[in-house]
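In case you want the letters, here they are:
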Amino acid sequence: MVSLVVVSHSRALAEAAVGLATQMLHGPTRPHVEVAAGLEDGGLGTDAGAVARAVSRADALGGGAGVLVLVDLGSAVLSAEMALELLDPEVAARVRLSPAPLVEGLLAAVVTAAGGADLDTCAREADAGLRAKDEHLRDPRGGVASAPAEASETGATTPPASSLELAVTAEHGLHARPAARLVACAAGRAPRTTLRLRNLTAGRGPVDGLSLSAVATLDAQQGHVLLAEAVGPEAEQLLAELEELALMGFGDLPGPAEPLAEVDVPAPAVSTEPGVAGSGLEAAIGPAVRVESVLETADDHAGSVPEEHQRLADAVAGVRARLGELAEQARRHLGQGEAEVFEAHATLLQDPRITEAAHARIEAGEPAAEAWSAAVRAAAEAFATLADPYQRERGQDVHGVGDRVVRMLLGLEEPESTAHGVLVVDELDPALAISLDASKVQGVLTRNGGTTGHGVLIATARGVPVLTGVGDRADVPDGTVVAFDARSGDLVVDPEPALREAFEEMVSARSRERGRALRHARSPAVTTDGVRVRVKANVSSLAVARLGADLGAEGSGLVRTEAVFAQWRQAPSVDQQVEVYAAMAAVYHPHPVTIRTWDVGGDKPLPFHPVPVEGNPFLGARGLRAFVEDPSLLLDQLQAVCTVAVDHPLAVLFPMITTVQDVRWARELLATAARRAGLSAPPPGLQVGIMVEVPAAALGIAHLAQGLDLVSIGSNDLVQYTLAAERGNPRLAAWSDALDPAVLSLVRSVTDGVPEGVRVGLCGAMAGDPDLAGLLVGLGVQELSASAASVPLVKQRLRTGSTAEFGDLAARALACPDGASVRALVQEAQPTPTVRLSGPRAVGTAR
């Protein structure tokens, strides 16, 4: 490709002109541009020797395709001519000095060279750079027009920008994959049409629509609005394509799943629900295999500047090819969504924010690996400032891609070529996750990162147990045996032989049980004496809803609407809620979906419904109470529920109910919302229920549940309020035991006290623990709503016993003196006993 050299008296002027010119380029292919401007002491002037060196570098990096030199005026022309005399004659023969004006000529030449044109064509286009300005400003009578039209910095007429607002609707906003789709869409119209993006909601931007890392720093979250501004002959077509892409959540919104038949067919063997070990084993033991990042590794290579440029180009090309192979592997085995992770990573390799910074550092004398590492770290740091934790974790993707390029530069083996054992990594790179040999790798420990990193999701989808964020607990020598249970969060280093043997047997037993559970995931859970127990899924997004349906959930027993819309900065409209709830209902058809109304307050903030700061928020305006002063947001939600319930089986749950007056007011609001929806009353198919989360509701259930269809015990809050121990507070873990007999007694109070015909369900962490499924049914619970990934195992456990056996277990548990005694009793009854790696702790803290 033709390269360019800019010769100017002022380095600031030259760099600004280059910056302006490169803004015109939006594709991955860019010509190399050298700057020879100013004097070494920072003053104005030109140096023939510096020009000659710049031309030599440009010729080498352009592969001998030719060098076009653009100059500003006066002595710059003389310095350029003298430089030709200093060059090797063979190189000088490939150089052309252009008489074109610096800015206009550079713009024309850069765009033309990027298109693959030869040196003569680039020179002609540069020479013609003034044509547009000349034709626009020149008066037909030979003078100069008195009033110019809107003009760009180059003087050439800038067409007015066409603009369009784009809503961000996907759950995790504009993270790597949707951002890559946006960039690819814009690239299809470049360079003739350019795109700038702003985040109107967050006040960020504008940024170049062709820079993936720049688009990511817009911090575009669900509910945000972007302004897309396109300039060029295909601006309207580009905006139309972006509008269509935005309607699909930039490719991140799943469509409704097909209805599930209740037949015994193979279910997917894995789960990708964030934060859940999809293998179902959730435990691993083996020798530690440390995989260290190489981003900080020194590069001892001492090549010339052109050689280092070429080393980096070759390494990037090699990694891009490898990512293409991994994308195809992911597409075959995991689906298109995971394949697009690697396609997004390949886009990062072409990101000008990273590549230009790296090449600039090489020009300053840094070796290729160190230059690339510094550019990658700077790009990754931009993600650390983002508000959304999911998008902050996209910095892991930048690190992962950067690490692979450095490994190739330094000749180091890829990390997937590691030995048998438990991998210990800083962060789990998606490329490593897809490449792992699951027959050799027992599990993965990460020092940093959370459960929503792309690598974690891919590894768990492949059946590899992962425990994230263990910090320096993972700093152990290679070969040290480590054991972890992601279900409990336990990690032990160098376990005693007896504990190790017992743990290995537990892992093997879990594997066998998980296999049976998945084979029968879509069959109903029927006890040995013929009683069917419905097992449903807790849902926080459309993606999780589809996962639950795939894993055999018989509807959703809890849609956490405050989680579904948690990233929205503005309240969703009635129509927007109708769209979401109807899509979820379609996923589970013909099974019902239970919508819990906004459960805000405490530890569940909702950006579009702030609650006053309270001294004890868990005992303050939570749930239904948060809408007493202004119920408008709740009425909108209930109107959407009534609208969807006309055509789909729905239930609605009101949270934080403690008095009969609460129930009465909630039902009045529902009737009002039905009228707003154009109905005379709530639809006949809409079932109405309440959450039982406080002891007062459990003890007064006979009155509270009069006239209702169902009640759902919220086990997490019930434990918290019964034992006066804030959930999630590690200092109170010893007092926060879901198996405390006092908690179990309240569950029994609910099942014994509800009016006849009112169904009793239970949602929360207890429902997702397979070990507790029989105990809860024995206490009288009729339905369980668990995390999606837990559904197959919960159903499998219920098939192993009779209601009489479960009832006997519950009776003995109620007679126990404490939670530890209940836990021992429950473990004795399990087909797959759990091996504790540490002392007892509460059963989960999920909300």
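Given the structure is predicted, the values throughout are model-derived calculations rather than measurements. (Residues numbered from 1 in each chain as written. Predicted model: local features only at pLDDT ≥ 70, side-chain atom pairs only at ≥ 80, totals over all residues. Heavy atoms only, no water.)

Participant: Sorry if this is basic, but what is going on with the overall build of the protein chain here?
Facilitator: The helix and strand inventory of the protein chain stands at 32 helices and 23 strands. For the protein chain, buried positions account for 54% of its 847 residues. Taking contacts inside the protein chain between residues at least 6 apart in sequence as the whole, the part at least 24 apart equals 72%. Total accessible area on the protein chain is roughly 33,300 Å²; 53% of this is exposed by carbon and sulfur atoms. (Helix = DSSP H or I, 4+ residues; strand = E, 2+ residues; numbered from the N terminus. Buried < 20%, exposed > 50% of the residue type's maximum accessible area, 1.4 Å probe, protein only. Contact = heavy atoms within 4.5 Å. Areas by Shrake-Rupley, 256 points an atom, 1.4 Å probe, with all protein chains shown as cover.)

Participant: Before we go on, may I ask you to explain the sheet that holds strand 9 (residues 283-291) in this structure?
Facilitator: Strands in a sheet are paired, the pairing made by backbone hydrogen bonds, and the direction either parallel or antiparallel. If you walk across this open sheet you meet the 6 strands as 12-11-10-9-13-14, and the pairing is mixed. The two strands at the open ends of the sheet, each matched to only one other strand, are strand 12 (466-467) and strand 14 (490-493). Where strand 13 (residues 481-485) lies against strand 14, 4 bridges are found, and the strand directions are antiparallel. Bridging across to strand 14, Asp485 finds its partner in Asp490. (Pairing = 2+ DSSP bridges.)

Participant: Would you mind going over the nonpolar core with me for this structure?
Facilitator: One recurring pattern in soluble globular proteins is that nonpolar side chains are buried together. With 104 residues, the main nonpolar core has Val711, Leu775 and Leu798 as its most contacted residues. Apart from the residues lying within four places of it in its own chain, the contact partners of Val711 are Ile690, Val692, Ile701, Ala705, Val750, Val754, Val758, Arg759, Val760 and Gly761. Core analysis: the next-biggest nonpolar cluster, separate from the first, contains 29 residues, Leu295, Leu312, Val376 and Leu409 among them. (Core = buried A, V, L, I, M, F, W, Y, C linked by side-chain atoms within 4.5 Å.)

Participant: How do you make sense of the sheet that holds strand 7 (residues 204-208) when you look at a structure like this?
Facilitator: The 4 strands are arranged 5-8-6-7 in an open sheet whose pairing can be described as antiparallel. Of all strands in the sheet, those with a lone pairing partner are strand 5 (162-167) and strand 7, marking the two edges. Strand-to-strand twist in this sheet, taken as the mean axis angle between neighbours without regard to direction, amounts to 20°. Two elements, strand 6 (residues 194-199) and strand 8 (residues 225-231), share 6 bridges in a ladder whose sense is antiparallel. Bridge assignment links Asn199 to a residue of strand 8, and that residue is Leu226. (Axes fitted to C-alpha atoms, helices over the stretch in contact; angles between N-to-C directions.)

Participant: I would appreciate a short explanation of the pattern of salt bridges in the present structure.
Facilitator: Where charged atoms from two side chains of opposite charge approach closely, those side chains can pair. One pass over the full model with this rule turns up 30 salt bridges. In this structure, Arg797 and Glu513 form a salt bridge, with 2.4 Å as the shortest nitrogen-oxygen distance. Of this pair, Arg797 sits in helix 30 (residues 791-798) while Glu513 sits in helix 19 (residues 497-519), and the two are 284 residues apart along the sequence. Neither Arg797 nor Glu513 differs from the other in exposure class; each is buried. For Asp717, the salt bridge is made with Arg622, and the minimal N-O distance between the two is 3.1 Å. Here the residue Asp717 occupies a position in helix 27 (residues 715-723), and Arg622 occupies one in the loop between strand 18 (593-596) and helix 23 (632-645), the gap between them amounting to 95 residues. The exposure classification of Asp717 matches that of Arg622, with both residues buried. A single network of salt bridges, built from pairs that share partners, joins Glu562, Arg596, Asp599, Arg622 and Asp717. (Salt bridge = Lys/Arg side-chain N within 4 Å of Asp/Glu carboxyl O.)

Participant: Any chance you could explain the side chain of Glu562 here in plain terms?
Facilitator: Relative to the assigned elements, Glu562 resides in helix 21 (residues 561-564). For Glu562, a relative accessible area of 6% gives the class buried. Separated by 3.3 Å, the side chain of Glu562 and the backbone nitrogen of Asp599 make a polar contact. (Polar contact = N/O pair within 3.5 Å; in protein donor to acceptor, adjacent residues only side chain to side chain.)

Participant: I tried to follow the pairing of strand 1 (residues 3-8) on my own but got confused; where do I start?
Facilitator: When a strand is regular, its side chains alternate between the sheet's two faces. Among the 6 residues that make up strand 1, 6 are buried, leaving the element largely enclosed by the rest of the structure. Residues Ser3, Val5 and Val7 of strand 1 are buried on one face, and the alternating residues Leu4, Val6 and Ser8, pointing to the opposite face, are buried as well. Of the pairings in the sheet, the one linking strand 1 to strand 3 (residues 67-71) comprises 5 bridges and is parallel in character. Across the sheet, Val5 pairs through a bridge with Val69, a residue of strand 3. Inspection of the sheet shows strand 1 paired to strand 2 (residues 33-37) by 5 bridges, in the parallel sense. Note on strand 2: the bridge partner recorded for Ser8 is Ala37.

Participant: I'm lost on the pairing of strand 10 (residues 421-425) in this one. Help?
Facilitator: Burial analysis of strand 10 places 5 of its 5 residues in the buried class, the great majority of the element. In this sheet, strand 10 lies alongside strand 9 in parallel orientation, the contact comprising 4 bridges. Each residue of the ladder has a partner; that of Ala288, found in strand 10, is Val422. Across 5 bridges, the pairing between strand 10 and strand 11 (residues 441-446) is parallel. Each bridged residue has a counterpart across the sheet, and for Val424 the counterpart in strand 11 is Leu445.

Participant: Would you mind showing me how to read the packing of helix 1 (residues 11-22) against helix 5 (residues 102-114) here?
Facilitator: Think of two packed helices as two axes; the pair is described by the angle between the axes and how far apart they sit. The interhelical angle for the contact between helix 1 and helix 5, taken along N-to-C directions, is 40°, at an axis separation of 9 Å. Regarding the angle of helix 1 to helix 5, the classification is oblique. At the point where helix 1 passes helix 5, the crossing takes the right-handed sense. Residues Ala17, Val18, Leu20 and Ala21 of helix 1 pack against Val103, Leu106, Leu107 and Val110 of helix 5. When its residues are assigned to classes, the contact of helix 1 with helix 5 shows 8 nonpolar, no polar and no charged. (Parallel < 35°, antiparallel > 145°, perpendicular 65-115°, else oblique. Left-handed = near helix turned anticlockwise from the far one by under 90°. Nonpolar A, V, L, I, M, F, W, Y, C, P; charged D, E, K, R; others polar.)

Participant: Just checking my understanding: could you explain the packing of helix 5 against helix 6 (residues 119-127) for this structure?
Facilitator: Orientation of helix 5 relative to helix 6, taken along the N-to-C sense of each, is 150°, at an axis distance of 7 Å. Put simply, helix 5 runs roughly antiparallel to helix 6. Helix-helix and strand crossings are classified by hand; for helix 5 and helix 6 the assignment is right-handed. Every residue of helix 6 that contacts helix 5 at Gly105, Ala108, Ala109, Thr112 and Ala113 is listed here: Thr121, Cys122, Glu125 and Ala126.

Participant: Sorry if this is basic, but what is going on with the confidence of the model for the protein chain here?
Facilitator: For residues with low pLDDT, the predicted coordinates do not support detailed interpretation. Confidence in the prediction of the protein chain, expressed as mean pLDDT, is 80, and 80% of residues score 70 or more. This stretch, residues 138-158, has a pLDDT under 50; its non-local contacts, to residues over four places away or in other chains, come to 23 contacts. Overall, residues 254-280 carries pLDDT values under 50, and its contacts beyond four positions in sequence, including any with other chains, amount to 82 contacts. (pLDDT = per-residue confidence, 0-100.)

Participant: What's the story with the packing of aromatic side chains in this structure? I'm lost.
Facilitator: Note on aromatic pairs: each is described by the distance of the centres and the angle between the planes. The full count for this structure, using the stated rule, is 2 aromatic pairs. Measuring from ring centre to ring centre gives 6.4 Å for Phe565 and Tyr581, while their planes differ by 80°; the resulting arrangement is edge-to-face. Residue Phe565 is found in the loop between helix 21 and helix 22 (574-588), and its partner Tyr581 is found in helix 22; the two are separated by 16 residues along the sequence. A single burial state applies to Phe565 and to Tyr581, both of which are buried. Ring geometry for Phe565 versus Trp598: centroids 5.8 Å apart, planes at 65°, classification edge-to-face. Here Trp598 lies in the loop between strand 18 and helix 23 and Phe565 lies in the loop between helix 21 and helix 22, a separation of 33 residues in the sequence. You'll find Phe565 and Trp598 in the same group, each marked buried. (Phe/Tyr/Trp six-rings, centres within 6.5 Å; stacked < 30°, edge-to-face > 60°.)

Participant: Explain the environment of Ser712 to me, please; I cannot follow it from the model alone.
Facilitator: One can find Ser712 in strand 21 (residues 710-714). It is 6.4 Å that separates the C-alpha atoms of Ser712 and Ile690, two residues lying 22 residues apart in sequence. Ignoring sequence-local partners within four residues, the contact set of Ser712 consists of Leu653, Ile690, Met691, Val692, Gly761, Leu762 and Cys763.

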